[in-house]
Amino acid sequence: MLYSCKLKGACNLPVICNKKINTAGTSNADVPLAEPGMYQLDITLRRGQSLAARDRGGTSDPYVKFKIGRKEVFRSKIIHKNLNPVWEEKACLLVDHLREPLYIKVFDYDFGLQDDFMGSAFLDLTQLELNRPTDVTLTLKDPHYPDHDLGIILLSVILTPKEGEHVTCGRPALPVLGFCRAELQSTHYQNAQFQTQSLRLSDVHRKSHLWRGIVSITLIEGRDLKAMDSNGLSDPYVKFRLGHQKYKSKIMPKTLNPQWREQFDFHLYEERGGIIDITAWDKDAGKRDDFIGRCQIDLSALSREQTHKLELQLEEGEGHLVLLVTLTASATVSISDLSVNSLEDRKEREEILKRYSPLRIFHNLKDVGFLQVKVIRAEGLMAADVTGKSDPFCVVELNNDRLLTHTVYKNLNPEWNKVFTFNIKDIHSVLEVTVYDEDRDRSADFLGKVAIPLLSIQNGEQKAYVLKNKQLTGPTKGVIYLEIDVIFNAVKASLRTLIPKEQKYIEEENRLSKQLLLRNFIRTKRCVMVLVNAAYYVNSCFDWDSPPRSLAAFVLFLFVVWNFELYMIPLVLLLLLTWNYFLIISGKDNRQRDTVVEDMLEDEEEEDDKDDKDSEKKGFINKIYAIQEVCISVQNILDEVASFGERIKNTFNWTVPFLSWLAIVALCAFTVILYFIPLRYIVLVWDLVAPGSAVSMLGPGEGINKFTKKLRNPYAIDNNELLDFLSRVPSDVQVVQYQELKPDPSHSPCKRKKNNLG
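Definitions and limits used
Residues numbered from 1 in each chain as written. Predicted model: local features only at pLDDT ≥ 70, side-chain atom pairs only at ≥ 80, totals over all residues. Heavy atoms only, no water. Buried < 20%, exposed > 50% of the residue type's maximum accessible area, 1.4 Å probe, protein only. Helix = DSSP H or I, 4+ residues; strand = E, 2+ residues; numbered from the N terminus. Pairing = 2+ DSSP bridges. UniProt positions renumbered as here; feature names shortened; annotations may be inferred. 1 Å grid on protein atoms, 1.4 Å probe; cavity = no way out; pocket = protein on both sides within 12 Å on 5 of 7 lines; lining within 4 Å. Points joined across faces, edges and corners; volume = space filled by probe spheres on them. Nonpolar A, V, L, I, M, F, W, Y, C, P; charged D, E, K, R; others polar. Axes fitted to C-alpha atoms, helices over the stretch in contact; angles between N-to-C directions. Phe/Tyr/Trp six-rings, centres within 6.5 Å; stacked < 30°, edge-to-face > 60°. Expected span 1.5 Å × (residues − 1). Salt bridge = Lys/Arg side-chain N within 4 Å of Asp/Glu carboxyl O. Patch = residues over 30% accessible without salt bridge, like charges linked within 9 Å, V, L, I, M, F, W, Y side chains within 5 Å. Areas by Shrake-Rupley, 256 points an atom, 1.4 Å probe, with all protein chains shown as cover. Contact = heavy atoms within 4.5 Å. Parallel < 35°, antiparallel > 145°, perpendicular 65-115°, else oblique. pLDDT = per-residue confidence, 0-100. Left-handed = near helix turned anticlockwise from the far one by under 90°.

(A) Focus on the pairing of strand β9 (residues 116-123). Here β9 lies mainly inside the structure; six of its eight residues are buried. Examined bridge by bridge, strand β8 (residues 102-108) and β9 share seven bridges and lie antiparallel to one another. By the bridge assignment for β9, Phe-107 is matched with Phe-117.

Put into structure tokens, the structure is as follows:
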């Protein structure tokens, strides 16, 4: 039997699809399509034949997308360098009506570039027989070049009607944006309305563990890379990709033998591993970056719980990349219902408390703590649809771990009642909870967001958090109810403070903003003015503008110079921290709310909204790419300088008490050491002190440590413990963003309902 599949495009050319059917089956042509209901579509993507070549080597790296109603519902894995790929992948899709055809698109994967189109076809769901397996052959075409033969795609499909029962998909198709769904949605028709039901990710366990392991990668160096610039050098950087997880290294200017020393982690979702795509690039300001070469890592060939040193030859280019790769067991990340609560189960709670007890300080230093987040409900959300309702779902993020709830349809007061658990690698991380409106025809709409530092969490307390805008500078409509518990080992957390922070591999690109540039300039100016005012004050003492003050300064100068010892430097810092602490606990807190930064952030939010509306009206500066790159660099440098000064101030202001106490412990230890031990002995024994310890944080013997570090550990990642410590202290901008807003009781629907009843 033959039937026609329409192509997307104005030409609407037919594509002949051969169907091998069982004549004993019943066609759904007799089923009235207007009848409400739910169908389960099980698809097995078999293989492709004679696909189009899109790469220079005469091959392609094909993958397939399925779309229904312009919404992507499945994406296959990538088969590298093959025009006859075999996928054998299964997808389970839920279809609420059969009028929307299944749209199949094939692409050639090009890392770092736009993927090349390889053809498309439609599958008319109304022509499928119910409850019968059907083999389908789709001929791929390009609407712009209908005469080109682009090969065929072979599928096996089963269409099953669902009448109020739970769907039993063998392998649900997860979204492709790097998220993990807590649930898939199924709906059934009852009393002329659709009601939302849920399907667990795991049919066996009520608690779902989402990834099977962690891939830890350390990019060490490059050797003899290809020269791409006219000066015989390059500005190389490296991109990594595992599925939809991406990471980009820093740029090393003017070298063919770059030393990166960068470490990052990927989540491992497949039991058998996966393929990591690696490409090297040369940065070119003002034009497209040059391609240096590519290579791959087959994780299935690497043994677990062991570090592998790999020297990879770059294909389609010159040179090698040196990496360290380690595969470890899965972290504690899961999703469950409220009824399955780890901390309420006595045995599980005891195991967790034992795991992070003070007696297990040196057991797995990367495992700092345990985080449990209960996403209960939201109230008074913004209406994103024309019907005056929204289809909200919630995204919970901790560093690079991202989990999602299910979607509650047509509701401004959704209840999710989900429990998320995370493994804490850095106690200074910030938990981000974002609410979106699901939209079938386009990307999800933003409804609100909160950012909660882990150290500010009060365990076991259910709180209503006011949702903020994208920049976290002001409130938006609605509140979200969360209950959060944090259990961690304080000693492990302190040691982890002195190593580099985990870098997020999903971050917004730097953009040029007049308001942002002005904000960073004002912040930098404020830090510099502190030093300028201090210099004016000292100079006024020399000029005897105030004789009593100058006399007191002169006596203090003589006393300090005559009695000065090196240990007095950390002692003075210790006294300053202690003084501020007693001011705070006595109620004489001199810390003022930074309204200047808040005003600038609000102005920046207004500018962002204006830019979104007038994106086509670009100024002259945005048209000159090279100037824009320079301005962005200046903007970022100002931000780094201002943040450095603000973090020092916030350390002494006890903005984060945990860090201030850690600084007091380090300063006390260093003061005692300098008091009893001469400096020359400290310098000589410095290399015996383990890097990352409290002593090494402020040690003066950095020279010997630097000289011997490469001999002791050739592949050690360079870091500065003091800068790593300061990177955990929030800047003034972050303090404003993490500030918790007080909910307005009048905005609560429950409160309004009581008032109306009264």
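Next comes the rest of the write-up.
(B) Examining the UniProt feature "transmembrane region" (unreviewed entry) in the chain more closely. Feature annotation in UniProt places "transmembrane region" (unreviewed entry) on residues 551-584 and 656-677, given in this structure's numbering. Segment residues 551-584 splits into 88% helix and 0% strand. End C-alpha atoms: 31 Å apart. With 91% helix and 0% strand, residues 656-677 has its two end C-alpha atoms placed 32 Å apart.

(C) View of empty space enclosed by the protein. Applying the stated rule across the entire model yields two cavities of 30 Å³ or more. In this structure, the second largest cavity occupies an estimated 30 Å³ of space. As for the second largest cavity, its lining consists of Ile-457, Gln-458, Glu-461, Lys-463, Tyr-465 and Ile-484. Take the lining of the second largest cavity: its biggest share by element is three residues, from strand β31 (residues 461-468). Broken down by class, the residue content of the lining of the second largest cavity amounts to three nonpolar, one polar and two charged.

(D) A look at the sheet that holds β8. Taken together, four strands build an open sheet; the order of strands is β6-β5-β8-β9 and the sheet is antiparallel. Each edge of the sheet is formed by a strand with only one pairing partner; in this case those strands are β6 (71-75) and β9. Between one strand and the next, the sheet's axes are offset by a mean angle of 25 degrees, whatever the strand orientation.

(E) The environment of Thr-387, seen in detail. Within the secondary structure, Thr-387 sits in the loop between β25 (369-379) and β26 (392-398). For the pair Thr-387 and Lys-410, spaced 23 residues apart in the sequence, the C-alpha separation amounts to 8.5 Å.

(F) Summary view of the packing of aromatic side chains. Under the criterion given, the structure shown has 18 aromatic pairs. Between Phe-107 and Phe-117, the ring centres sit 5.9 Å apart and the planes meet at 70 degrees, which makes this aromatic pair edge-to-face. Placement of Phe-107 in strand β8 and of Phe-117 in strand β9 is noted, with a sequence separation of 10 residues between them. A relative accessible area of 11% means that Phe-107 is categorised as buried. Centroid distance Phe-264 to Phe-266: 5.3 Å. Interplanar angle 70 degrees. Geometry classified as edge-to-face. Note on accessibility: Phe-264 and Phe-266 belong to one class, buried. One aromatic cluster is present, formed by Phe-240, Tyr-247, Phe-264 and Phe-266 through successive ring pairs.

(G) Just helix α9 (residues 657-676), in detail. Along its 20 residues, α9 runs 29 Å from first to last C-alpha, staying within 8% of the 28 Å computed at 1.5 Å per residue. Considered for burial, the residues of α9 that qualify are Phe-658, Leu-659, Ser-660, Leu-662, Ala-663, Ile-664, Ala-666, Leu-667, Phe-670, Thr-671 and Leu-674.

(H) Looking closely at the pattern of salt bridges. Taken as a whole and judged by the stated rule, the model has 16 salt bridges. When the shortest N-O distance is used, the salt bridge between Asp-426 and Arg-728 registers 3.0 Å. Residue Asp-426 is found in the loop between β28 (415-424) and β29 (430-437), and its partner Arg-728 is found in the loop between α13 (721-727) and α14 (732-738); the two are separated by 302 residues along the sequence. Considered together, Asp-426 and Arg-728 belong to a single accessibility category, that of buried residues. Where Asp-639 meets Arg-523, a salt bridge forms, and the shortest distance between an N and an O atom there is 2.7 Å. Of this pair, Asp-639 sits in helix α8 (residues 625-652) while Arg-523 sits in helix α3 (residues 514-542), placing them 116 residues apart in sequence. Among the charged side chains, a salt-bridge network with shared partners connects Glu-221, Arg-223, Lys-309 and Glu-311.

(I) Spatial organisation of a nonpolar patch on the surface. On the surface, a cluster of nonpolar side chains totalling about 700 Å² of accessible area is made up of Leu-556, Phe-559, Val-560, Phe-564, Leu-566, Ile-569, Leu-573 and Leu-679. Elements represented by at least two residues in the nonpolar patch include exactly α4 (547-563) and α5 (568-585).

(J) Region of interest: the pairing of strand β4 (residues 38-49). Examined bridge by bridge, β4 and strand β12 (residues 152-162) share 11 bridges and lie antiparallel to one another. Each bridged residue has a counterpart across the sheet, and for Met-38 the counterpart in β12 is Lys-162. Note that β4 and strand β7 (residues 86-95) share eight bridges and pair antiparallel. Within β7, the residue paired with Tyr-39 across the bridge is Val-95.

(K) Layout of the side chain of Lys-449. Mapped onto the fold, Lys-449 is located in strand β30 (residues 445-453). Ignoring any residue separated from it by four or fewer positions in sequence, one finds Lys-449 in contact with Glu-432, Val-433, Thr-434, Val-466, Leu-467, Lys-468, Asn-469 and Leu-472.

(L) Spatial organisation of the sheet that holds strand β21 (residues 290-298). Pairing is antiparallel across the open sheet formed by four strands, whose spatial order is β18-β17-β20-β21. Either end of the sheet is taken by a strand with one partner, and the two such strands are β18 (245-248) and β21. Within this sheet the neighbouring strands show an average axis-to-axis angle of 15 degrees, counted without direction. Alignment of strand β17 (residues 236-242) against β18, held across four bridges, turns out to be antiparallel.

(M) Local environment of the packing of α3 against α4. For the pair α3 and α4, the least separation of the axes is 8 Å and the interaxial angle reads 95 degrees. When the axis of α3 is compared with that of α4, the two are roughly perpendicular. Residues Tyr-537, Ser-540 and Cys-541 of α3 form the contact with α4, whose own contacting residues are Arg-549, Ser-550 and Ala-553. Taken together, the residues that form the contact of α3 with α4 break down as three nonpolar, two polar and one charged.

(N) Expanded view of the environment of Asn-539. For Asn-539, the position within the fold is in helix α3. Along the backbone, Asn-539 and Ser-550 are 11 residues apart, and their C-alpha atoms lie at a distance of 9.8 Å.

(O) Region of the structure containing the confidence of the model for the chain. Of all residues in the chain, 73% have pLDDT values of 70 or greater, and the mean over the chain is 76. When the criterion is pLDDT under 50, residues 164-209 qualifies, and its contacts beyond four places in sequence or with other chains add up to 117 contacts. Here residues 610-623 is modelled with pLDDT under 50, and outside its nearest four sequence neighbours on either side it reaches seven contacts, counting other chains as well.

(P) Broad picture of the packing of α5 against α9. Contact pair α5 / α9: the axes reach a minimum separation of 9 Å and the direction vectors enclose 145 degrees. Remark: the crossing between α5 and α9 carries left-handed chirality. Contacts between α5 and α9 involve Pro-570, Leu-571, Leu-573, Leu-574, Leu-577 and Tyr-581 from the first element and Ser-660, Trp-661, Ala-663, Ile-664, Leu-667, Cys-668, Phe-670, Thr-671 and Leu-674 from the second. Here the contact of α5 with α9 is built from residues that sort into 13 nonpolar, two polar and no charged.

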